[in-house]
Every structure is written in C-alpha cells, then in structure tokens.
Amino acid sequence: MTGSLMEKADVLGVCVIIPTYNNAATLAKVIEDVAQYINHIIVINDGSTDKTVEIVKQFPAVQFITYEQNVGKGWALRKAFRYAIEKGYKYAITIDSDGQHFAKDLPAFINKLEEEAHAVIIGARNMGQASVPGGSSFGNKFSNFWFKVETGITSPDTQSGYRLYPLEPLKKMRFITRKYEFEIEVLVRLAWKGIKVISVPVTVYYAPKEERISHFRPFKDFFRISVLNTVLVLITLLYIKPRDVIRTLFSPKKLKKVLDEHLFNPHHSPQLKAMSVAFGVFMGIVPIWGFQLAVAIFLAILFKLNKPIVIIAANISIPPMIPLIIFLSYKMGALWMGSHAMQIDFTNAITLDSIKHNLIQYIYGSITLAIVAAIVFGLLTFVLLKWFGKKRVISKAG
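Reading guide: rules and limits
- Residues numbered from 1 in each chain as written.
- Predicted model: local features only at pLDDT ≥ 70, side-chain atom pairs only at ≥ 80, totals over all residues.
- Heavy atoms only, no water.
- Axes fitted to C-alpha atoms, helices over the stretch in contact; angles between N-to-C directions.
- Helix = DSSP H or I, 4+ residues; strand = E, 2+ residues; numbered from the N terminus.
- Left-handed = near helix turned anticlockwise from the far one by under 90°.
- Contact = heavy atoms within 4.5 Å.
- Nonpolar A, V, L, I, M, F, W, Y, C, P; charged D, E, K, R; others polar.
- Pairing = 2+ DSSP bridges.
- Phe/Tyr/Trp six-rings, centres within 6.5 Å; stacked < 30°, edge-to-face > 60°.
- Buried < 20%, exposed > 50% of the residue type's maximum accessible area, 1.4 Å probe, protein only.
- Lys NZ or Arg CZ within 6 Å of the ring centre and 35° of its normal.
- Arc of directions from axis to C-beta.
- Salt bridge = Lys/Arg side-chain N within 4 Å of Asp/Glu carboxyl O.

1. Side note on the packing of helix α10 (residues 270-285) against helix α12 (residues 307-314)
Item 1. Relative to each other, α10 and α12 sit at 35 degrees, their axes nearing to 7 Å. In this structure, α10 crosses over α12, and the sense of that crossing is right-handed. Residues K273, S276, V277, F279, G280, V281 and G284 of α10 lie in contact with α12, whose contacting residues are I309, V310, A313 and A314.
Item 2. For the contact of α10 with α12, a count of residues per class yields seven nonpolar, three polar and one charged.

2. Let's talk about the sheet that holds strand β1 (residues 14-20)
Backbone-to-backbone hydrogen bonds join strands into a sheet, with any given pair of strands oriented parallel or antiparallel.
Item 1. One open sheet holds the seven strands; their spatial order is β3-β2-β1-β4-β6-β5-β7, and the pairing between them is mixed. Of all the strands in the sheet, the pair left with one neighbour each is β3 (63-67) and β7 (197-201). Put simply, the sheet's adjacent strands are angled 20 degrees from each other on average, direction ignored.
Item 2. Where β1 lies against strand β4 (residues 91-94), four bridges are found, and the strand directions are parallel. When the bridges of β4 are listed, C15 appears paired with A92.

3. Digging into the packing of aromatic side chains
Item 1. For the structure shown, the criterion picks out nine aromatic pairs.
Item 2. Summarising the aromatic geometry, the rings of F145 and W146 are spaced 4.9 Å apart at their centres and angled 75 degrees between planes, so their arrangement reads as edge-to-face.
Item 3. With relative accessibility at 26%, the residue W146 sits in the partly exposed group.
Item 4. Seen in terms of ring centroids, W336 and Y364 are 6.5 Å apart; in terms of plane orientation they differ by 65 degrees. Their pairing is edge-to-face. Of this pair, W336 sits in helix α13 (residues 322-337) while Y364 sits in helix α14 (residues 359-397), placing them 28 residues apart in sequence.
Item 5. Following the ring pairs from residue to residue traces out a cluster consisting of F81, Y165, F175 and F182.
Item 6. Seen from the ring of F102, K104 lies directly overhead, with NZ or CZ sitting 5.3 Å from the centre.

4. Observations concerning helix α5 (residues 106-115)
Item 1. Buried within α5 we find L106, P107, F109, I110 and L113. Burial along α5 is one-sided: seen end-on, the buried residues are contained in an arc of 160 degrees.

5. Some points on unusual backbone geometry
Item 1. Non-glycine residue N22 carries a positive phi angle of around 55 degrees.
Item 2. If you trace the backbone, N22 turns up in the loop between β1 and α2 (24-35).

6. Topic: the pattern of salt bridges
Side-chain pairs of opposite charge can arise where the charged atoms are in close proximity.
Item 1. With the rule as written, the count across this model stands at 10 salt bridges.
Item 2. In this structure, K196 and E116 form a salt bridge, with 3.2 Å as the shortest nitrogen-oxygen distance. Of this pair, K196 sits in the loop between α7 (182-192) and β7 while E116 sits in the loop between α5 and β5 (120-124); the two residues are 80 residues apart in sequence, bridging distant segments of the chain.
Item 3. Across the pair K171 and E168 runs a salt bridge, and its minimum N-O distance is 2.9 Å.
Item 4. Here K171 falls in the partly exposed class, since its relative accessible area comes to 44%.
Item 5. Among the ionic contacts, a cluster of salt bridges with common partners joins K73, D96 and E183.

Quick look at the structure:
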C-alpha cells in the first residue's frame, strides 16, 4: 500500500514539510514514519538550539532548510512553501515535528486530494477526547468561530497544523505574519481567493502534561491571533463581503444559486427570510454610508438572520439607486420638517453632496424611508414566499 501511495504522491507532485524548533526528542521518529509513505520530505529548522541539525543529517534523502535565529512557525512555513514551489512541487502536506500527528494518516490526504484537487485539506482532530488540553479545545472553538465569520465556511479544526496546501495559489501571495497566527492568515486568505477548504479526520496524540513540549505562548500568541482576527474581520466586512456581493449580482448563475440556496431554502421559515430581506433593506438605506454593509453583516450574525439574503437586500443602495433614495429621503423628511422643509426635484444632479443641504431633513427622512421600505419589502417577500410555497405543494401533489 505504501508503495502505491508513494507513486500517487510522486505523480501528484506532493511533498511533506516538517517545521521544527527544539523537538530533537521526536523529530527522528516523525521523519522515519513519514518516509514510509512519501518520498519527498522537507525539514525546516527554525533556529533550534538542540541536536536538530545532527538528527536531520542522518537522513540524506531529506531536503533540509536551516537558519540560526528562531523566527516563528509561520516564517518557517513561508520559507518552506517558497522552496517547494521553486522545486516544482504542486502540493505540500505540513506535519508537526512534536509527534502529535501520525504519518499513518497521510493516505487520507492523498486519497482526498484525488477527489478534491486544488483544495486545502485540513486534518481534523478529535477535540472531544479526554487527553486534549482545555486551552487547546477553547482555542480551537475560538478559531473556528472567527474563521466562519471571516469566510462563511464551517470547519471543525482550523488550528490543526496537519494540512495539505495547493501551492499554485501561494505563488503570488505575500503574507504579514510570522508566528502561529500565520496558519490562520493563510487559511483565511486562501478561502478569500475561492480555494475550497475541506477536512479529513486524523488521529492526534497529546503527551502527558509533564512530558509535553509546547512553544505556544498563551498570552503573547493569543494576543497576536486576536489582533490578526480583528484585522481579518474588518477586511471581511469592508471589502471581501461587498466584493462577493457585487460578483454575485453580476453573475446570473451565482445569483440563481444564492437565491435557490437561501431565498427558497425549505429549512428556513418564510418569516426568517422576510425578516432578513426587511433588515437588509433597512440597513441599505439608513444614513451610515460606507458602513451599511459592514454593520448589516455584523448584526445579521448577531441576530441569526440569513446573512446572504441580508447582504443582497442591503445592496438596494447600489449607485444607480442612490439619487432615488436621496430624493425619497428628502420627501419623507419634509413630513417632519413642516414649513422648514427643503423641496427638491428628482434629477440626475442628485448626489451624495446633496445631503449637505438641510442634513437634518435627510437624516429624519432616510430613517423613515428605511423603516417604510423594510416593512414593504419584508411583507412582499413573505407573501410571495407563501404563494410560491403553495404552488410547489400543488405541483408536487399533481
């Protein structure tokens, strides 16, 4: 079996990358185990001060990258990826050198790769087993939550270092992180590029507490990860989500798919869908230009609404609609201003600059318009969904 696996890996262009830092006690065993399955092994020594160099030299077939100063796991992986790309490999499997992962799971990655080419494949650990440290379990849940917020993808183990990466998408990417948080950055940014993220189950071993060697610094590294997630969430809300919405709106196939999966999703009630439309329309009109979509996405997650529907509905304020929204906002605001109201005509000259004239009227009016439009679109959506639902039942019965 291992022979055929080696042949598969060679044909697919797979290498295994082992980043290491002061894991001399387990490194040789990890290399030996991996060598039973994969011919091409790259060990990258991130400034170890133990006998790492001597150990790796015992394996002449192993490709070795080493440097004296310890920088961080992320930096080691970045250098190894660059090296693997230069050598012509197409995929890289990363495995930790502390003995936590098992080489016997390598076939799962290769077999999955044959089914799902060009995907990131994460080796998902069983985080429910008794030997898993409490901090690791919490950190994993924390990471999974923010990954879902940043990408919309549900993944069971975003902190696993046992992964298969397609190298082609990494060629032109430039990264900002160097330590443990790199594994979050690279995963999120690959997902943003449209690379599929999937998982395979793997075995994990956690040594007893007194034997466990960990270079993770709970306070410093958790702080760095939190800062990175904050940046990634901001980029998601201000750029990635709006970009994806625009791409969807201008792609009939994508738009139809989103509508089928969300607007006509039988698992979501018509009430939830109608509320999502209403909320999206409301957020698209309220006078917080530049932040409407970001706030809409955040609140949609908070209120557990249908996020894609909210995002699409919030795009009621696309540029061609802005003059009409401003005009109707001033008309609505006139009801509140009485004799002090400013009257405007609907022309192409209406722009965001028009808002500067009698700002109070615009603010009152836009909030009123947002509420009225939300109610109208929400009720209309509810009625139509009920009607379509009845038609589908009748057609199935027929």
